[in-house]
Amino acid sequence: MSRIKIPIGPQHPALKEPVNFQLALEGEKIYEAGMRLGYNHRGIEKACEQRTYIQDVYLVERVCGICSHSHSTAFVQAVEEIAGLQIPPRASYIRTLIGELERIHSHLLWLGVAGHEVGFDTLLMYTWRDREIVMDLLADITGNRVNYGINTIGGVRRDVSAGQIADIGKGIDALEERTKYYIQVATEEATLIARLSKVGYLSNADALRLGAVGPTGRASAVDRDVRRDDPYAAYADLDFKVIVDNHCDVYGRTLVRVGELMQTYGMVRQLLKQMPEGPITIKAARKIPSGEAFSRYEAPRGEDVHYVRANGSEKPERVKIRAPTLANLSSVTKMMEDNYLADVPIIIAAIDPCFSCTDRALVLKDSGKDGDRAMEWGALRKYGIEWHQKRGLDFSAANKRLAKLMEAH
Amino acid sequence: MTETKKEETISAELLAQFPFLDGQVKIQRARRLWLETPADQFDAVFERLVDGFGFRILCAITGLDEGENFAFIYHLAKEDGTVAGLKVKILKTNSKWKSVGAKFPGGIIYEREIADLLGVQFEGLPPGPRYPLPDGWPEGQYPLRKDWQPADGTEERKSGQ
């Protein structure tokens, strides 16, 4: 059978974010996959060096729109370690609480996307409706649905009231009921099981070799979770199980995430029950003494790591971020091998990719008049046409033929 | 301190095997260890950490511009949560370093990132697309170098590109 190479992305209906895969196909089967990343590079690490620590807290929070709290927590933890700051226990409980609520909204979002990618849109509608419960709770506590802005160096910026604690409890009860139903769907719905099983296989050995993290790794029997192995914030006080599965396919990744949701509800209840009284922040100096720290955080997609080096000034010397998706992408090309082209969307979706996190670092080209940062639609279209013409892609003749045909009718 | 007993054992065993590490191993707290190795001894120390002590997880590689040198920190973790930050420095004038891609295929992308942003050549890095800068990025521009400043875009605006 003849072999053919096709590109998918960076702009493609099956992708939610820009990435480029080059797939080598034999018929409908993929025998080799390559990828090109970097389309969301915004230069955040460099920008961090030019801003103060406090400004950086808000900047790193915008590395990602889904796991924003993961990045801000990983960053402040590193800075607090360098400065020798012990944050009050209540602050560490509130950080953990927001982190787990974030995991709930992220996993429910994923479950919906996964349903959509395999044509099970009812699941998408259900999970995204239910996800609003946790979004409302987050908005109530922090003021925002995403990019909560709750972290600061030395603690958190908002306290949780008794009324909010009661509301979170009620919300969690409702979500737990719904999640039990999703577990029932995931374990009993024959079409869903058949659709997801054996798709995007990643053996335990490959997962270890390629360094897969989070639910992607845990679904290939990689028993690792930073919350348990290298506890931070309030995780040392919590009782929970790390969900590991050995299906090694998209089905396993689904089971791990729904299982984790149930663990998270238990953790949120413990946090609400054990929440210590007291202050929520301690004063931090603007200048951070020289030093370095390495901070790990179990984000919804896996281990997120931040390295910070301080030089005694109010701006960091270096901030290095490694988001979980970057660690998981090497595994994606492996997962695609020997699979059908039609499975590509769900294989990519199954690692719950986040390319803005991965690339972090934007080259924005201004066009038009001086100081005019926005580009008119017409100008953008013209720019696009010329850009392609320069590279040998000229559709003007085809367009003329089309216009003639239209006239004839 | 019993809290850092495991880390102290690792440190003592490292010093016994590699006397040149004397004064270069630092225990920051429980589960956090930093050490710096001379560039010519990197392979031996790296192998001892990964295969000997079981630091089999490569969390990240940080590349740093330290003026005259480039420094790399290999953030290696063990299953029990201990993380060793293994540092190594090379002269900027000879910006060549070796790839650890053979041992950690997942680390190749971390090396490509350092190659693009700092301008370091990793020997042994398999051919492949660059990351993360765009294909048309000008030669010799390394954004994470300390002396690199982003252009203000005036020229591009004037020429209408």
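The structure displayed is predicted, hence computed values, not measured ones.

**Thoughts on the overall build of chain B**
The helix and strand inventory of chain B stands at four helices and seven strands. Moving toward the C terminus, one meets the helices and strands of chain B in the order α-β-β-α-β-β-β-β-α-β-α. When its C-alpha atoms are laid out on the principal axes, chain B stretches across 65 × 30 × 30 Å. Out of the 161 residues belonging to chain B, those deemed buried represent 36%. Within chain B, counting contacts between residues at least 6 apart in sequence, those at least 24 apart form 46% of the total.

**Here's the deal with the interface of chain B and chain A**
With 31 residues of chain B at the contact, the number on the chain A side is 31 residues. Residue assignment for the side of chain B that touches chain A shows that the elements contributing at least two residues are strand 3 (57-66), strand 4 (69-77), strand 5 (83-91) and helix 4 (154-159) of chain B. Broken down by class, the residue content of the side of chain B that touches chain A amounts to 17 nonpolar, eight polar and six charged.

**Considerations on the pairing of strand 7 (residues 302-310) of chain A**
Residues and elements named next belong to chain A. In terms of residue burial, strand 7 counts as a mostly covered element, since nine of its nine residues are buried. Relative to strand 7, strand 6 (residues 291-299) runs antiparallel, the two being bridged by nine bridges. Directly across from Arg296, in strand 7, lies its bridge partner Val305. The hairpin turn running from strand 6 into strand 7, its antiparallel successor, is two residues long. One ladder, built from six bridges, connects strand 7 with strand 8 (residues 316-322); its direction is antiparallel. Along strand 8, the bridge assignment pairs His306 with Ile321. Linking strand 7 to strand 8, which pair antiparallel, is a turn of five residues; within it Gly312 sits at a positive phi near 90 degrees.

**Description of the sheet that holds strand 4 of chain B**
All names here are of chain B. Here five strands make up an open sheet; going across it, the order is 1-2-5-4-3 and the pairing mixed. With one partner strand each, in any of the chains shown, strand 1 (25-29) and strand 3 form the two edges of the open sheet. Averaged over all neighbouring strand pairs, the angle between strand axes comes to 20 degrees, with direction disregarded. Direction of pairing for strand 2 (residues 32-36) relative to strand 5: parallel, over a ladder of five bridges. Considered in strand 5, the bridge of Arg32 is made with Val83. Against the sheet, helix 1 (residues 5-17) makes contact with strand 1 and strand 2, and its axis sits at roughly 175 degrees relative to strand 1, the strand it touches most. The strands touched by helix 2 (residues 42-52) are strand 4 and strand 5; relative to strand 5, the strand with the most contacts, the crossing angle is about 170 degrees.

**Remarks on the nonpolar core**
Core analysis: the largest hydrophobic core is formed by 140 residues, its most contacted members being Ala78, Val79, Val308 and Ile347 of chain A together with Leu76 and Leu86 of chain B. Broken down by element, this core gets its largest block of residues, eleven residues, from helix 4 (residues 89-117) of chain A. With residues up to four places along the chain from it excluded, the contact list for Ile347 of chain A reads Val199, Gly200, Val250, Val332, Met335, Met336 and Asn339 of chain A.

Scoring rules and cut-offs
- Residues numbered from 1 in each chain as written.
- Chains lettered and ligands numbered in written order.
- Predicted model: local features only at pLDDT ≥ 70, side-chain atom pairs only at ≥ 80, totals over all residues.
- Helix = DSSP H or I, 4+ residues; strand = E, 2+ residues; numbered from the N terminus.
- Buried ≥ 20, exposed ≤ 12 C-beta atoms within 10 Å, placed from the backbone.
- Contact = placed C-beta atoms within 7 Å.
- Nonpolar A, V, L, I, M, F, W, Y, C, P; charged D, E, K, R; others polar.
- Pairing = 2+ DSSP bridges.
- Axes fitted to C-alpha atoms, helices over the stretch in contact; angles between N-to-C directions.
- Core = buried A, V, L, I, M, F, W, Y, C linked by C-beta atoms within 7 Å.

Taken by themselves, the reported measurements are silent on function.
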